[in-house]
Amino acid sequence: MTQHNSILFVTMNSIAGQGGDSMATKEILSTFVDDDRVSTAAVVPDPQGSLPLDLDESRIYCFEPLSKNSTTAYLRYAFSPIKSVRRALQEYEPDVVVIRMYPLGIIPPLLSVLSSTPYILLSRGTSYKSLRYARVLRQLYKVNARLAAEVYSASYEIKQDTDRARTKSQPESKLVPNGINPDEFEPKSRSQMRDMLDLDFDDDDFVVGFVGSMGPRHTLDTLIRSLDKIDDLPVKLLLVGDGPELDSHKRLVKENNLSGRVTFTGFVPHAEVDKYISACDITYGVTQQDSATPIKCFEYLGYRPTQQDSLPVESAASYRPAVIVNSTVAAFAPEDPSPESSISVSVSIASVSVPIESVPVSVAVSSGGSSVGVGVGGAARAILELSKVRW
């Protein structure tokens, strides 16, 4: 990205929520705010409380947040930023406007172009083709991509769509995949974390964990129902987070008499998440949508020891949670991912490769295909196969 002295960051995603979109948006804005080389202002939905980052209030331009989930509300919301964006462009006079892509977010790009201010588009997801009214949203995205001076795409799929939308005279979008800073993920002892967090797990319990916003796409109902098919091993669930489906999941647990096998923590600050992931044996990252960039799975995979050889083999699994993600889980020895060190089984939709007991577990996520939900039976069998690391 070309160096600029002043940046106006515009987003229609909340920076005050607890979901993945809010967390990611706040992190993007924080990156600009923390950079001493640039001056940053922001146009954001009103956080309706204290601002969740260190930014001068005089450089925050707020507009009315989304009121409810309805077609009418979304159409109104598309025009909500008009006054705030105009005011910010006039008062702040930025060198460049940086906009996080939003399906109906066409007003900020148009105002930027009309003010002769170049704008950069950050395109992280494929909601422009996966939501209702996709035909209309695709056209809006095409206009958005063409108006941008530069586009940064989070996946090769998004880059392909963006480059097709832009004219031949425009530069191609730049691929900047989602990722994590592995230095922020410090592995911790499984047993110590279970004790410290006062989790109701025995040492022999095989714990499947999930961390995130509990929305429909995460298919946690499938994971919960899979426990009915696992009655001969002490498999338990640790579900960390809040979200629209939390109460529904709690009712499902109660209706199926699984209260003793499922622990809900509610919202946990991101800085504390590492402790909960470390308390798990494997972690769950299935998402039921056409396309996804699973940051939560990158975080799951970040918890591995930096000096593997210093760990005794029998305890290595406690430092290396495996992942059930998309249509494939691949677990293999870090230095020797050979057939001799792994066994493979077909599990319904999922294909799972599990190392023999004497090999420490490392995990890689398959890069192929669209994300799919795993059936109840498939999830149960995947858990049973991965539990062989312990038993």
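From a predicted model like this one, the values you see are computed outputs, not experimental measurements.

Right, let's get into the pattern of salt bridges. Evaluation of the coordinates by the stated rule reveals 13 salt bridges. Ionic pairing is found between lysine 236 and aspartate 205, a salt bridge with its closest N-O pair at 3.2 Å. Taken together, the positions of lysine 236 in strand β9 (residues 235–240) and aspartate 205 in the loop between α8 (190–196) and β8 (206–211) put the pair 31 residues apart, joining distant regions of the chain. According to the relative accessible area criterion, lysine 236 is buried, its value standing at 14%.

Among the six residues that make up β8, six are buried, leaving the element largely enclosed by the rest of the structure. Neither face of β8 is open: one carries Phe206, Val208 and Phe210, the other Val207, Gly209 and Val211, and all of them are buried. Read as a crossover between parallel neighbours, the route from β8 over helix α9 (residues 220–226) to β9 is right-handed. Where β8 lies against strand β11 (residues 282–285), two bridges are found, and the strand directions are parallel. Across the sheet, valine 208 pairs through a bridge with isoleucine 282, a residue of β11.

Scored by pLDDT, the chain has a mean of 75; 70% of the residues are at 70 or more. Counting contacts from residues 305–322, a segment whose pLDDT is below 50, to residues more than four positions away or on other chains yields 39 contacts. For residues 325–374, every residue scores under 50 in pLDDT, and the model assigns this stretch 112 contacts once sequence neighbours within four places are set aside.

Attention now goes to the packing of aromatic side chains. Inspection of the entire model under this criterion finds four aromatic pairs. Look at tyrosine 77 and tyrosine 102: their rings are 5.8 Å apart centre to centre, the planes differ by 75 degrees, and that puts the pair in the edge-to-face class. Of this pair, tyrosine 77 sits in helix α2 (residues 71–78) while tyrosine 102 is found in the loop between β4 (96–100) and α4 (107–114), placing the two residues 25 residues apart along the sequence. We classify tyrosine 77 as buried; its relative accessible area is 4%. An aromatic cluster of three or more residues is present, and its members are Phe63, Tyr77 and Tyr102.

For the rest of this paragraph, the subject is the packing of helix α3 (residues 82–92) against α4. At their nearest, the axes of α3 and α4 sit 10 Å apart, and the two run at 30 degrees to each other. Between α3 and α4, the crossing angle belongs to the class labelled roughly parallel. Our pair here, α3 against α4, has a crossing hand that is right-handed. Contact residues: Ile82, Val85, Arg86 and Leu89 in α3; Ile107, Pro108, Leu111 and Ser112 in α4. Each residue belonging to the contact of α3 with α4 can be placed in one class, and the counts come to six nonpolar, one polar and one charged.

Right, let's talk about a negative patch on the surface for a bit. Side chains of Asp195, Asp198, Asp200, Asp202, Asp203 and Asp204 sit close together on the surface and give a patch of like negative charge. In this structure, aspartate 202 sits in the loop between α8 and β8.

Moving on to the sheet that holds strand β6 (residues 150–153). Backbone hydrogen bonds are what pair the strands of a sheet, in a parallel or an antiparallel way. Reading across from one edge, β3-β2-β1-β4-β5-β6-β7 is the order of the seven strands in this open sheet, with parallel pairing throughout. Single-partner strands in this sheet number two, and they are β3 (60–63) and β7 (174–175). Bridge count between β6 and β7: two bridges; the pairing is parallel. Within β7, the residue paired with serine 153 across the bridge is leucine 175. Each of β5 (119–123) and β6 is contacted by helix α6 (residues 134–147), which is oriented at about 135 degrees to β5, the strand it contacts most.

Relative orientation of the contacting elements α6 and helix α7 (residues 156–165) amounts to 75 degrees, with a least axis distance of 8 Å. Relative to α7, the element α6 lies roughly perpendicular. Residue-level inspection shows Tyr141, Lys142, Ala145 and Arg146 of α6 in contact with α7, the latter providing Ile158, Thr162 and Ala165. Class assignment of the residues belonging to the contact of α6 with α7 gives a composition of four nonpolar, one polar and two charged.

What counts as what
Residues numbered from 1 in each chain as written. Predicted model: local features only at pLDDT ≥ 70, side-chain atom pairs only at ≥ 80, totals over all residues. Heavy atoms only, no water. Salt bridge = Lys/Arg side-chain N within 4 Å of Asp/Glu carboxyl O. Helix = DSSP H or I, 4+ residues; strand = E, 2+ residues; numbered from the N terminus. Buried < 20%, exposed > 50% of the residue type's maximum accessible area, 1.4 Å probe, protein only. Right-handed = clockwise from strand over helix to strand, strands pointing away. Pairing = 2+ DSSP bridges. pLDDT = per-residue confidence, 0-100. Contact = heavy atoms within 4.5 Å. Phe/Tyr/Trp six-rings, centres within 6.5 Å; stacked < 30°, edge-to-face > 60°. Axes fitted to C-alpha atoms, helices over the stretch in contact; angles between N-to-C directions. Parallel < 35°, antiparallel > 145°, perpendicular 65-115°, else oblique. Left-handed = near helix turned anticlockwise from the far one by under 90°. Nonpolar A, V, L, I, M, F, W, Y, C, P; charged D, E, K, R; others polar. Patch = residues over 30% accessible without salt bridge, like charges linked within 9 Å, V, L, I, M, F, W, Y side chains within 5 Å. Areas by Shrake-Rupley, 256 points an atom, 1.4 Å probe, with all protein chains shown as cover. Lys, Arg positive; Asp, Glu negative; His and termini not counted. Charge placed at Lys NZ, Arg CZ, Asp CG, Glu CD.

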